[in-house]
Amino acid sequence: MINDIGQMEGSQRIADIGCGTGLFLSLFLEENTSVKAFAYETNPRMLKMAQRECQTYGQRIQWNCQKHQQLQLPLNAFDVVIMHNGIHNWERPQHLFQEIKKSLRPHGRFIIYEILPSYQSLEAIKWSFWDQKIYRLGLNSYGREEILAFLEQAGLTLVSEMNYMSILKLEVMVGNP
């Protein structure tokens, strides 16, 4: 994931939506020593874990705990927004993508990694660990086409796509690449 972003300059900013334990931010900031990061998480306990994981980076990270549907991002604030395996937490991903769109600076990029549901057969759904977890918890599960439609509705343009063993990676931006 870190290689997908590339090297960032000191004045650039990255946002991690659903930062979880902070592992990505820790690894990213180790390689990008002057970038400012913004971490967003809905679970206060996860946010505390992330703060511990990233304590080395101190003031370089701004921590934010916000509920899903109430997420508010600053206007034109980020060069890169990243989200890994979090879309299923959103009842209305359109709101999320609209917030991300308005938060991107000109030529900013939004990189998504999402585990896709296994819709090949009823048997695959029944036995797939990921799908069992999602459906048992009552969370949403979106397929590739749904995610692309949500992105298009928000006015985001697909730049690249990769699908590897049910993990979908999308890179999008505002306007034309």
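Above: the structure in question.
Draft legend 1. Spatial organisation of the pattern of salt bridges. With the rule as written, the count across this model stands at five salt bridges. Two residues, Glu161 and Arg144, come together in a salt bridge whose shortest N-O distance is 2.4 Å. Taken together, the positions of Glu161 in strand β6 (residues 156-164) and Arg144 in helix α7 (residues 144-153) put the pair 17 residues apart, joining distant regions of the chain. What makes Glu161 partly exposed here is its relative accessible area of 33%. In this structure Arg144 comes out as partly exposed when scored by relative accessible area, which is 27%. Connected through shared salt-bridge partners, Arg144, Glu145 and Glu161 make up one network.

Draft legend 2. Structural context of the side chain of Glu171. Within the secondary structure, Glu171 is located in strand β7 (residues 167-174). Glu171 gets classed as buried once you look at its relative accessible area, which sits at 10%. If sequence neighbours within four positions are ignored, Glu171 has contacts with Arg109, Phe110, Ile111, Thr157, Leu158, Val159 and Ser160.

Draft legend 3. Expanded view of the nonpolar core. Counting residues in hydrophobic clusters, the biggest one holds 29 residues, and the most contacted among them are Ile17, Phe97, Ile100, Phe110 and Leu151. For this core, the secondary structure elements donating two or more residues are β1 (13-17), β2 (36-41), β4 (78-84), α4 (93-103), β5 (104-115), α7 and β7. Per-element tally for this core: the top contributor is α7, with four residues. Contacts of Phe97, omitting those with residues within four sequence positions, involve Ile87, Phe110, Ile112, Ile147, Phe150, Leu151, Ala154 and Leu156.

Draft legend 4. Layout of the packing of aromatic side chains. A full pass over the atoms with the stated rule returns five aromatic pairs. Between Tyr142 and Phe150, the ring centres sit 5.2 Å apart and the planes meet at 85°, which makes this aromatic pair edge-to-face. For the pair Tyr142 and Phe150, a shared accessibility class is recorded, and that class is buried. One residue, Lys36, lies across the ring of Phe38, its end atom 5.6 Å from the ring centre.

Criteria and cut-off values
- Residues numbered from 1 in each chain as written.
- Predicted model: local features only at pLDDT ≥ 70, side-chain atom pairs only at ≥ 80, totals over all residues.
- Heavy atoms only, no water.
- Salt bridge = Lys/Arg side-chain N within 4 Å of Asp/Glu carboxyl O.
- Helix = DSSP H or I, 4+ residues; strand = E, 2+ residues; numbered from the N terminus.
- Buried < 20%, exposed > 50% of the residue type's maximum accessible area, 1.4 Å probe, protein only.
- Contact = heavy atoms within 4.5 Å.
- Core = buried A, V, L, I, M, F, W, Y, C linked by side-chain atoms within 4.5 Å.
- Phe/Tyr/Trp six-rings, centres within 6.5 Å; stacked < 30°, edge-to-face > 60°.
- Lys NZ or Arg CZ within 6 Å of the ring centre and 35° of its normal.

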